[in-house]
Amino acid sequence: MKKAFLSITVAVTLGLASLAAHAEPTVIKFSHVVAENTPKGLMANKFKDLVAADPALKDKVTVEVFPNSQLFDDDKVMEAMLLGDVQLAAPSLSKFQKYNPQLLIYDLPFLFNNMAAVDKFQQSEDGQKLLTSMEDKGYIGLGYLHNGMKQLSANKPLKTPEDAKGLKFRIQSSDVLAAQFEQVGGVPVKKPFSEVFTLMQTKAIDGSENPWSNIYSKKFHEVQSDITESDHGVLDYMVITSAEFWNGLDEDVRAALKKDMDEAVAYGNEMSTKKDAEDKQAIIDSKRSAVYTLTAEERQKWVDVMKPVWDKFKDTIGADLIDKALKANEG
Ligand code: LMR
């Protein structure tokens with residue numbers, strides 16, 4: 001009897017040991033809404049490859065990437081993350097108003113002179129604090145990823161703010177962006193990214209604002225007759241994960257994933273500079289859409305009309321934070 005009990009115990013122990021040895025790896029689903037050949041798409045695929053090649057994560061973690069809103073759009077992905085249906089996403093900074101309205105700072109028109117200033121602010125103490133500002137809502141920011149400055153597009157040339165009057169502009173889910181288009185007499189329409197091409201094609205909207213890589217990869221230049229190089233705002237991302245998922249990982253796994261993520265983000269940022277220039281040129285070369293660059297005087301008119309938006313949101317965002325962001329333009 002004793003002998004039989006012993007052999008059952010040994011068998012169970014061996015069984016458990018072999019189960020542990022063959023434990024299924026943790027699957028990280030990375031859902032995003034853009035094409036693969038964009039800064040975010042390239043970064044996500046790079047992260048997947050880095051994890052697959054990382055000896056510290058071998059047999060422990062695999063990454064699956066779902067581009068082009070295949071799994072979720074940006075609003076749904078936030079909910080899905082808390083439910084554990086997806087572990088990584090990188091929504092644009094315009095999509096976090098519900099979770100921390102201070103992040104609206106990134107939408108203020110004409111706040112940053114260029115991407116170097118955006119980067120400087122993001123890397124500052126205040127920029128870094130924003131990454132961890134949504135932990136009480138269940139999200140952790142693992143880093144910022146660039147796409148680029150936004151350009152205006154429509155089915156007519158937009159040279160002066162008056163040209164935008166009465167036009168319907170698709171915007172992301174941000175009240176600052178709504179106010180920005182209201183300033184020029186436009187009608188802002190909040191819609192998911194996945195619908196933009198069709199909305200343009202069917203003329204349900206007249207125009208939009210996007211960085212070059214989003215325009216090119218989604219062929220918006222084929223359904224908009226005119227693009228104005230306005231650089232009036234930034235479209236960047238926050239790579240986010242669920243606090244519950246991230247804090248529940250073994251420490252060594254978490255550290256290895258963070259290292260791979262930092263490397264993937266650095267790569268994505270390099271690609272953002274490259275794609276921004278390349279995709280702009282490809283759009284110009286395609287001749288599908290006329291690209292117009294505002295003169296300094298023309299651009300100043302847009303600044304004058306749009307800038308009052310800052311005042312409307314200064315209490316929500318914090319006047320101090322706006323001042324600090326402005327300092328990033330110096331030097
Ligand atoms: C948009 O909705 O226009 C962007 O946030 C899409 C993206 O992820 O670049």
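Keep in mind it's a predicted model, so treat the numbers as computed, not measured.

Caption draft 1: Broad picture of the overall build of the chain. The helix and strand tally for the chain stands at 13 helices and 10 strands. Overall, the C-alpha framework of the chain stretches about 95 × 45 × 35 Å when taken along its three principal axes. Burial statistics for the chain: of 331 residues in total, 50% are counted as buried. Long-range contacts, defined here as pairs at least 24 residues apart, represent 75% of the contacts in the chain between residues at least 6 apart.

Caption draft 2: Structural view of the nonpolar core. Counting 42 residues, the largest nonpolar core has Phe30, Met43, Phe47, Leu88, Val239, Leu257 and Met261 as its most contacted members. Sorting elements by how many residues they give to this core places helix 10 (residues 251-286) first, with seven residues. No fewer than three residues from each of domain 1 (23-92 + 118-145 + 236-273) and domain 2 (151-234 + 279-327) sit in this core. When residues no more than four places from it in sequence are discounted, the contact partners of Leu257 are Ile28, Phe47, Val51, Leu57, Val61, Trp246 and Leu249. If you look at the next biggest cluster of nonpolar residues, it comprises 38 residues, including Ala89, Leu131, Val176 and Val309.

Caption draft 3: Examining the site of the ligand more closely. Close to the ligand lie Val33, Val34, Lys40, Ser92, Lys95, Arg170, Gln172, Phe193, Asn210, Asn214, Leu235 and Tyr237, which account for all nearby residues. The contact in question runs from an oxygen atom of the ligand to an N or O atom on the side chain of Gln172, over 2.7 Å. A distance of 2.8 Å separates an oxygen atom of the ligand from a polar atom in the side chain of Asn214. Burial of the ligand by the surrounding chains reaches 100%, relative to a free accessible area of 270 Å². Among the residues making up the shell around the ligand, the classes are represented as five nonpolar, four polar and three charged.

Caption draft 4: Region of interest: the packing of helix 12 (residues 308-317) against helix 13 (residues 319-327). Contact pair helix 12 / helix 13: the axes reach a minimum separation of 7 Å and the direction vectors enclose 110°. For the element pair helix 12 / helix 13, the angle class is roughly perpendicular. Contacts from Trp310, Lys314 and Ile317 in helix 12 reach Ala319, Leu321, Ile322 and Leu326 in helix 13. When grouped by side-chain class, the residues that make up the contact of helix 12 with helix 13 number six nonpolar, no polar and one charged.

Caption draft 5: Here's a closer look at the pairing of strand 1 (residues 26-31). Pairing of strand 1 with strand 2 (residues 61-66) involves six bridges; the strand directions are parallel. Bridged to Thr26 within strand 2 is Val61. Taking the sense of rotation as the criterion, the β-α-β connection linking strand 1, helix 2 (residues 39-53) and strand 2 turns out right-handed. For strand 1 and strand 3 (residues 88-89), the ladder comprises two bridges, and the chain directions are parallel. Note on strand 3: the bridge partner recorded for Phe30 is Leu88.

Caption draft 6: Molecular detail of the pairing of strand 7 (residues 207-211). Burial analysis of strand 7 places five of its five residues in the buried class, which makes it a mostly covered element. Side chains of strand 7 alternate between two faces, with Gly207, Glu209 and Pro211 and Ser208 and Asn210 buried alike. With four bridges connecting them, strand 4 (residues 139-154) and strand 7 associate as antiparallel partners. Within strand 7, the position partnered with Gln151 by the bridge is Asn210. Judged from the two bridges that link them, strand 5 (residues 168-171) and strand 7 form a sheet pairing that is parallel. Considered in strand 7, the bridge of Phe169 is made with Gly207.

Caption draft 7: Just the packing of helix 2 against helix 10, in detail. Two numbers describe how helix 2 lies on helix 10: the axes approach to 8 Å, and their chain directions differ by 150°. As far as their axial angle goes, helix 10 and helix 2 are roughly antiparallel. The crossing of helix 2 and helix 10 is right-handed. Here Pro39, Leu42, Met43, Lys46, Phe47, Leu50 and Val51 of helix 2 lie close against helix 10, whose contacting residues are Leu257, Asp260, Met261, Glu263, Ala264, Val265, Tyr267, Gly268, Met271, Ser272 and Lys275. Tallied by class, the residues present in the contact of helix 2 with helix 10 amount to 12 nonpolar, two polar and four charged.

Caption draft 8: Region of interest: the domain arrangement of the chain. Here the chain is partitioned into domain 1 (23-92 + 118-145 + 236-273) and domain 2 (151-234 + 279-327). Counting residues at the interface gives 16 residues for domain 1, matched by 14 residues for domain 2. Across the pair Asp126 and Lys324 runs a salt bridge whose closest N-O atoms are separated by 3.5 Å. Linking domain 1 with domain 2 are two residue pairs in polar contact (both at pLDDT 80 or more), by the criterion used here. Secondary-structure elements contributing two or more residues to the side of domain 1 that touches domain 2 are helix 4 (115-123) and strand 9 (234-242). For the side of domain 1 that touches domain 2, the element with the most residues is helix 4, which contributes three residues. Each residue belonging to the side of domain 1 that touches domain 2 can be placed in one class, and the counts come to seven nonpolar, four polar and five charged.

What counts as what
- Residues numbered from 1 in each chain as written.
- Predicted model: local features only at pLDDT ≥ 70, side-chain atom pairs only at ≥ 80, totals over all residues.
- Heavy atoms only, no water.
- Helix = DSSP H or I, 4+ residues; strand = E, 2+ residues; numbered from the N terminus.
- Buried < 20%, exposed > 50% of the residue type's maximum accessible area, 1.4 Å probe, protein only.
- Contact = heavy atoms within 4.5 Å.
- Core = buried A, V, L, I, M, F, W, Y, C linked by side-chain atoms within 4.5 Å.
- Domains from an automatic or database assignment.
- Near = heavy atom within 4 Å.
- Polar contact = N/O pair within 3.5 Å; in protein donor to acceptor, adjacent residues only side chain to side chain.
- Areas by Shrake-Rupley, 256 points an atom, 1.4 Å probe, with all protein chains shown as cover.
- Nonpolar A, V, L, I, M, F, W, Y, C, P; charged D, E, K, R; others polar.
- Axes fitted to C-alpha atoms, helices over the stretch in contact; angles between N-to-C directions.
- Parallel < 35°, antiparallel > 145°, perpendicular 65-115°, else oblique.
- Pairing = 2+ DSSP bridges.
- Right-handed = clockwise from strand over helix to strand, strands pointing away.
- Left-handed = near helix turned anticlockwise from the far one by under 90°.
- Salt bridge = Lys/Arg side-chain N within 4 Å of Asp/Glu carboxyl O.

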